[in-house]
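Single-letter residue listing:
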Amino acid sequence: MSISTSSSQHASVAPDIPEKSGSRWLALAVIAVSQLLIVLDATIVNIALPTAQADLGISDANRQWMITAYTLAFGGLLLLGGRIADFTGRKRAFIIGLLGFAAASALGGLAQNAETLFAARALQGAFGALMAPAALSLLTVTFTEAKERARAFGVYGAIAGGGGAVGLLMGGVLTEYASWRWTLLVSTPIAIVAAVAAIRFVGESRAEGNTRYDLPGAITSTGGLVALVYGFTKAASDGWDSATTIGFLIAAGVLLVAFVVIELRSSHPLLPMRVILDRNRGGSYLSALLVGAGMFGVFLFLTYYLQLTLGYSALETGVAFLPFAAGIILGAGFSAQMLTRVGPRVLMFAGMLLAAAGMVLLTRIGLDTGFWTHVFPAELIISFGMGVTFGPMSNTALVGVADHDAGVASALINTTQQIGGSLGTALLNTIFTSAVAGYIVDNATDPSQIPALQGAATVHGYTVAFWVSAAVIAVAAVIALLLVKASREEVASTDAVAVAV
């Protein structure tokens, strides 16, 4: 039979979910692979970037686009992707997203110039923005029994958190032993196999009702998010007072205010305000934004520290992130077991507080400190805390949401993480640069001393960035403690979306 929430304002097509438990877990495997592709491709090219830059003749000013073209398209289009998934069918959107992602990955791997590479990365982000919200919505409607849903979200959380570390490891291996091109090409066969498996094992579900798309809302929200991310990205290189930075930030403010006005007045809004004004979901989204901003401190500056300060190779740097992946998996498994016992608030608060403490440990690094004594313990603590956090955060983002809004609610958890990560990168880069310059000014009495101080100044910049990251994640923990009130019964409820049993 079909079960619908009382808050839903629209009819819903009952999802065609396989009845056999084994089929549901095969569906989870397909969904998990898609999530791994999305998260992995956000980091796998990081270690390959220097080689790709030299091969294609990319300038220092433009090399950032290999990263930001992906995150800008992904974060900026997620809201629209969620709405498309709701109306056209989540399985259909999921499969289209996988096949488009495969094609974009092949285009990037075969690129012969910078422009083609950047365009391919943007296409990857765009198809990922269609795939990601469809995947999380399908996960929600596929698993309706409390303990099974907790386990499913635990797996999803582990992939979401650990995929970044896996991407860094794969990037190192492929760059060192094959070619930087394989950091992109490797996604093509995986996405195609996942799409074929989705046809067989994933059930369809969609929302009925008004299927018109809010194009003014889509344009203003996407434009506003892109301008905001680009403005903060430019702040890292040009400074906060540059005309470019200020211009993009003003444009972002105008567009986002226009978006809110449009959504309040629209009869078919892209982002219904009821989705984010709910206390539990709002707390989850805001926490995700801050966690995304803070966590980039690990991947960004720790990668630089290992390669530039300790002299690690690309492969050694990738291997050094393995403990991070292990901690995410362990934390996610623990969280899945505890979610229906203690509820999401306790787990989110404790997990983020633990991650912040691990970030503080990273501030102890120096020019010649060892990996096992300083980096390894911090990695385990941070990753375990994030593993504990991700599952409850994703679950809480969908508590009580109407079936008609499931896609956009799912998109928001990814949007906030991506936007937070982009803003965090710009903020931490600016702080890092200022800290390095300040250290040299404070300690150099003669210009000839500057080269000798450069190493210590760089490490000082890393530690300052880690302190800021710790503070940002700690604030996210407090927000979760104050705003998230969902009980263990609510997160275990099968009434979050319309389901078939």
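All figures in this text were calculated on a predicted structure; none of them were measured in a lab.

Undergrad: Summarise the packing of helix α14 (residues 322–342) against helix α16 (residues 371–396); cite the residues concerned and give the values.
TA: The interhelical angle for the contact between α14 and α16, taken along N-to-C directions, is 35°, at an axis separation of 7 Å. The crossing of α14 and α16 is right-handed. Tallied by class, the residues present in the contact of α14 with α16 amount to 16 nonpolar, 6 polar and 1 charged.

Undergrad: Give me the packing of helix α4 (residues 90–109) against helix α8 (residues 187–201): which residues, what numbers.
TA: Where α4 contacts α8, the two axes come as close as 8 Å, and the packing angle between them is 160°. Looking at the two axes, α4 sits roughly antiparallel to α8. Seen along the crossing, α4 lies across α8 with a hand that is left-handed. Judged by residue contacts, Lys91, Phe94, Ile95, Leu98, Leu99, Phe101, Ala102, Ser105 and Ala106 of α4 engage Ser187, Thr188, Ala191, Ile192, Ala194, Ala195, Ala198 and Ile199 from α8. In the contact of α4 with α8, the residues fall into 13 nonpolar, 3 polar and 1 charged.

Undergrad: How would you explain the pattern of salt bridges if you had to name every residue and give the values?
TA: Scanning the model with the defined rule gives 2 salt bridges in all. The partner of arginine 121 in a salt bridge is aspartate 41, with the nearest N and O atoms 3.9 Å apart. Here the residue arginine 121 occupies a position in helix α5 (residues 114–142), and aspartate 41 occupies one in helix α1 (residues 21–43), the gap between them amounting to 80 residues. When its relative accessible area of 1% is taken as the criterion, arginine 121 is described as buried. Residues aspartate 55 and arginine 181 are paired through a salt bridge, measuring 3.8 Å at the closest nitrogen-oxygen approach. Taken together, the residues aspartate 55 in helix α2 (residues 49–56) and arginine 181 in the loop between α6 (146–177) and α7 (182–185) connect sequence positions 126 residues apart.

Undergrad: Break down the side chain of threonine 220 for me, with residues and values.
TA: Tracing the backbone through its elements, the reader meets threonine 220 in helix α9 (residues 215–238). Residue class for threonine 220 comes out buried when judged on its relative accessible area of 11%. A polar side-chain atom of threonine 220 sits 2.8 Å from the main-chain carbonyl oxygen of proline 216. Dropping the residues within four chain positions of it, threonine 220 is found in contact with Leu255, Ala258, Phe259 and Ile262.

Cut-offs and rules
- Residues numbered from 1 in each chain as written.
- Predicted model: local features only at pLDDT ≥ 70, side-chain atom pairs only at ≥ 80, totals over all residues.
- Heavy atoms only, no water.
- Axes fitted to C-alpha atoms, helices over the stretch in contact; angles between N-to-C directions.
- Helix = DSSP H or I, 4+ residues; strand = E, 2+ residues; numbered from the N terminus.
- Left-handed = near helix turned anticlockwise from the far one by under 90°.
- Nonpolar A, V, L, I, M, F, W, Y, C, P; charged D, E, K, R; others polar.
- Parallel < 35°, antiparallel > 145°, perpendicular 65-115°, else oblique.
- Contact = heavy atoms within 4.5 Å.
- Salt bridge = Lys/Arg side-chain N within 4 Å of Asp/Glu carboxyl O.
- Buried < 20%, exposed > 50% of the residue type's maximum accessible area, 1.4 Å probe, protein only.
- Polar contact = N/O pair within 3.5 Å; in protein donor to acceptor, adjacent residues only side chain to side chain.

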